[in-house]
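Here is how the chains run, residue by residue.
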Amino acid sequence: MPALRIGRPLVVAIDGPSGSGKSSVSKEVARRLRLAYLDTGAMYRALTWFCVNRGIDLDDAAAVEQAARDLVLELSTSPLEEYVRVDGVDVTDAIREPAISSAVSAVATTLGARTELIRRQRELIEKHHRRMVVEGRDITTVVAPGAEVRMLLTASEEARLRRRGIQLGGTQNAEQLAAQVTHRDAKDSSVVNFTKAASGVVTLDSSDLDFDQTVAAALVIVTKVLNRD
């Protein structure tokens, strides 16, 4: 697929709940459109790992906010490679561990920490000349409400639990999966709404679509929205 809007901004903002497939779909959309890619969830996970590693009380909002400012983070912005480093330590796999998954909501709902990470996210978008696929939970409404394309990727709870289970290689039991998907969504939705599309945001329901079909549908949405300009 040819690159679109060459020399002009093209931010594709994709929000969605846990297990909706937004990371894998967003990464492939970025690859096809030759855009940079930002997984904002990895930033919250990296901060959570940093806090846990340092013994910071996740209920201490001031300490978590300070940790967000102190965090030395290197994050891949290429859809072709994945790495997350904190203070030079590779935490790419560590941030996906169940202990981090269960703790990340406490960090993500600390408003001061969110403010700092949102600042960093916007900085990365600008650094890439506003040519980037950015995915998370508040991208269409808070981080990049002026994005050229804004999308909400949803799926049924059953589909999301199944996908997250496959993604984690069968290492989690049903209870752990539910904690990672539905319980985390419930916590995170206390500070950001990622279950209903805001005005101007296109919803893509992938419940009955496989990966390739979802990517194709997302690319159709991008093309249609850009053709409206």
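Residues numbered from 1 in each chain as written. Predicted model: local features only at pLDDT ≥ 70, side-chain atom pairs only at ≥ 80, totals over all residues. Heavy atoms only, no water.

**A look at unusual backbone geometry**
The condition is simple: Only protein chains enter the accessibility calculation, which uses a 1.4 Å probe. A residue is then buried if its area is under 20% of the maximum for its type, exposed if over 50%, and partly exposed in between.
Phi at arginine 34 is positive, roughly 60 degrees, even though this residue is not glycine. Classification of arginine 34 by relative accessible area gives exposed; the value is 58%. For histidine 129, which is not glycine, the phi torsion reads 55 degrees and is therefore positive.

**Comments concerning the environment of glutamate 126**
Selection criterion: Strands are runs of DSSP state E lasting at least 2 residues, helices are runs of H or I lasting at least 4, and numbering of each runs from the N terminus.
Looking at the element boundaries, glutamate 126 is found in helix 5 (residues 111-127). Owing to a relative accessible area of 47%, glutamate 126 belongs among the partly exposed residues under this scheme. Considered as a pair, glutamate 126 and proline 9 are 117 residues apart in the sequence and their alpha carbons are 9.7 Å apart.

**Concerning the UniProt feature "binding site: ATP" (unreviewed entry) in the protein**
Rules: UniProt positions are given in the numbering used here, feature names are shortened, and annotations may be inferred rather than shown by experiment.
UniProt records the feature "binding site: ATP" (unreviewed entry) at Gly16, Pro17, Ser18, Gly19, Ser20, Gly21, Lys22, Ser23 and Ser24, using the numbering of this structure. With respect to the helices and strands, the residue glycine 19 is situated in the loop between strand 1 (10-15) and helix 1 (22-33). Classification of glycine 19 as buried rests on a relative accessible area of 7%. Here glycine 21 is to be found in the loop between strand 1 and helix 1.

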